[in-house]
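So the chains spell out like this:
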Amino acid sequence: MTMNIRVAHLYGDLMNTYGDIGNILALQFYAKQIGVEVTSKIISLEESFKADDFDFIVFGGGQDFEQSIVAKDIQTKKDELIKFIEQGKPFVSVCGGFQLIGKYYVDAQGQKLPGICALNHYTEQQHDHRFIGNIRIQNTNNGAKYHGFENHQGVTFLGEGERPLGKVIKGYGNNGKDHTEGVVYKNTIGTYFHGPILARNGNLAKDLMFEALKIKYPDVDFSKMMDKVKIYEY
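Residues numbered from 1 in each chain as written. Predicted model: local features only at pLDDT ≥ 70, side-chain atom pairs only at ≥ 80, totals over all residues. Heavy atoms only, no water.

### Quick look at the nonpolar core
Quick reminder of the rule: As used here, the term nonpolar core means buried Ala, Val, Leu, Ile, Met, Phe, Trp, Tyr and Cys residues forming a set that is joined through side-chain atoms within 4.5 Å. Residue exposure (1.4 Å probe, protein chains only): buried if accessible area is under 20% of the type maximum, exposed if over 50%, otherwise partly exposed. The way it works is that DSSP assigns letters per residue, a run of H or I at least four long becomes a helix, a run of E at least two long becomes a strand, and they are numbered from the N terminus. Contact criterion: two residues are considered in contact whenever any of their non-hydrogen atoms come within 4.5 Å of each other.
In this structure, I5, F56, F59 and M209 are the most contacted members of the largest nonpolar core, which totals 64 residues. It is helix α6 (residues 202–216) that provides the largest number of residues to this core, a total of seven residues. Residue contacts for F56: discarding those within four places in its chain leaves I5, R6, V7, A8, L27, F84, P90, V92, L198, L208, M209 and A212.

So this is what it looks like as structure tokens:
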């Protein structure tokens with residue numbers, strides 16, 4: 001049996017400003033080491049999304065104009081995306097994607113864009129300032145350290161039932177005040193990390209890959225496969 005992971009690249013034609021497709025390429029790289037096939041499909045404007053059709057979601061960042069268009073369209077996919085999240089399947093949302101799975105995002109012009117309210121965070125605007133530079137954080141649950149590059153005008157605040165992806169060691173993180181970066185809920189991750197995050201942090205890519213496989217193939221023992229995966233970082 002050839003195992004596979006089906007990835008939905010959410011608005012991959014519009015929300016890919018910082019090369020976040022690299023998250024899918026990283027997933028394919030690690031999956032190939034253990035003979036697992038990773039396929040991806042862009043789900044974009046006026047296209048339906050069904051939670052049961054996919055095992056993994058990647059949702060990247062974009063400019064304000066593209067994000068305003070996506071903010072309207074994503075409401076048509078809201079119920080199925082929430083279903084996917086609640087099923088515990090891995091979902092990596094970066095920058096604009098991170099913002100839009102929350103309650104709302106206020107852009108640089110002061111326009112308030114609705115999210116899908118799958119999670120409880122929200123994003124306000126900064127005036128004449130951006131958070132730009134290298135960032136490094138530590139996951140307070142397992143001690144893992146992640147590194148990347150952040151470039152965002154929005155400031156995000158976590159809500160009820162959410163915990164950060166990590167504590168900021170270097171950089172700004174969600175808002176530059178509370179030393180949090182990103183969000184974790186079940187196997188959904190929101191983050192401002194570009195780089196892309198899974199390419200630069202093989203430990204996280206490996207963890208999420210095996211979460212997807214365990215959910216899809218619950219009768220398979222993956223312990224030996226996990227030992228075969230060689231992690232790369234840069």
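Text resumes after the structure shown.
### Quick word on the packing of aromatic side chains
Stated precisely, the cut-off is as follows: Geometry of aromatic contacts follows a simple scheme: Phe, Tyr and Trp rings, the Trp one being its six-membered ring, pair when their centres are within 6.5 Å, and the pair is stacked under 30 degrees between planes, edge-to-face over 60, tilted otherwise.
Under the defined criterion, the tally for this structure stands at 11 aromatic pairs. Between F131 and Y172 the ring centres are 4.3 Å apart and the planes differ by 10 degrees, which places this aromatic pair in the stacked class. Within this pair, whereas F131 is found in strand β8 (residues 131–138), its partner Y172 is found in the loop between β11 (166–170) and β12 (180–181), the two being separated by 41 residues in sequence. For F131, a relative accessible area of 6% puts it in the buried group.

### What to know about the packing of helix α1 (residues 22–32) against α6
Stated precisely, the cut-off is as follows: Here the axes come from fitting lines to C-alpha atoms, over the contacting stretch only for helices, and the angles between their N-to-C directions go from 0 to 180 degrees. In these notes the angle categories are as follows: under 35 degrees is roughly parallel, over 145 is roughly antiparallel, 65 to 115 is roughly perpendicular, and the rest is oblique. Three classes are used, and their members are as follows: Ala, Val, Leu, Ile, Met, Phe, Trp, Tyr, Cys and Pro are nonpolar, Asp, Glu, Lys and Arg are charged, and the others, Gly among them, are polar.
One can describe the packing of α1 onto α6 by two numbers: an axis separation of 10 Å at closest approach and a directional angle of 70 degrees. Accordingly, the angle class assigned to the pair α1 and α6 is roughly perpendicular. Across from L27, Y30 and A31 in α1, the residues of α6 making contact are G202, A205 and M209. Here the contact of α1 with α6 is built from residues that sort into five nonpolar, one polar and no charged.

### Considering unusual backbone geometry
Residues other than glycine predominantly adopt negative phi, and peptide bonds predominantly adopt the trans conformation. With omega at -15 degrees, the peptide bond leading from G195 into P196 counts as cis. Inspection of the secondary structure assignment puts P196 in the loop between β14 (188–191) and α5 (197–200). The backbone phi angle of Y11 is positive, close to 50 degrees, even though this residue is not glycine. Its place among the elements puts Y11 in the loop between β1 (4–10) and α1. One non-glycine residue, H179, lies in the positive phi region at around 65 degrees. Structurally, the position occupied by H179 is in the loop between β11 and β12. Residue classification places H179 among the partly exposed positions, given a relative accessible area of 47%.

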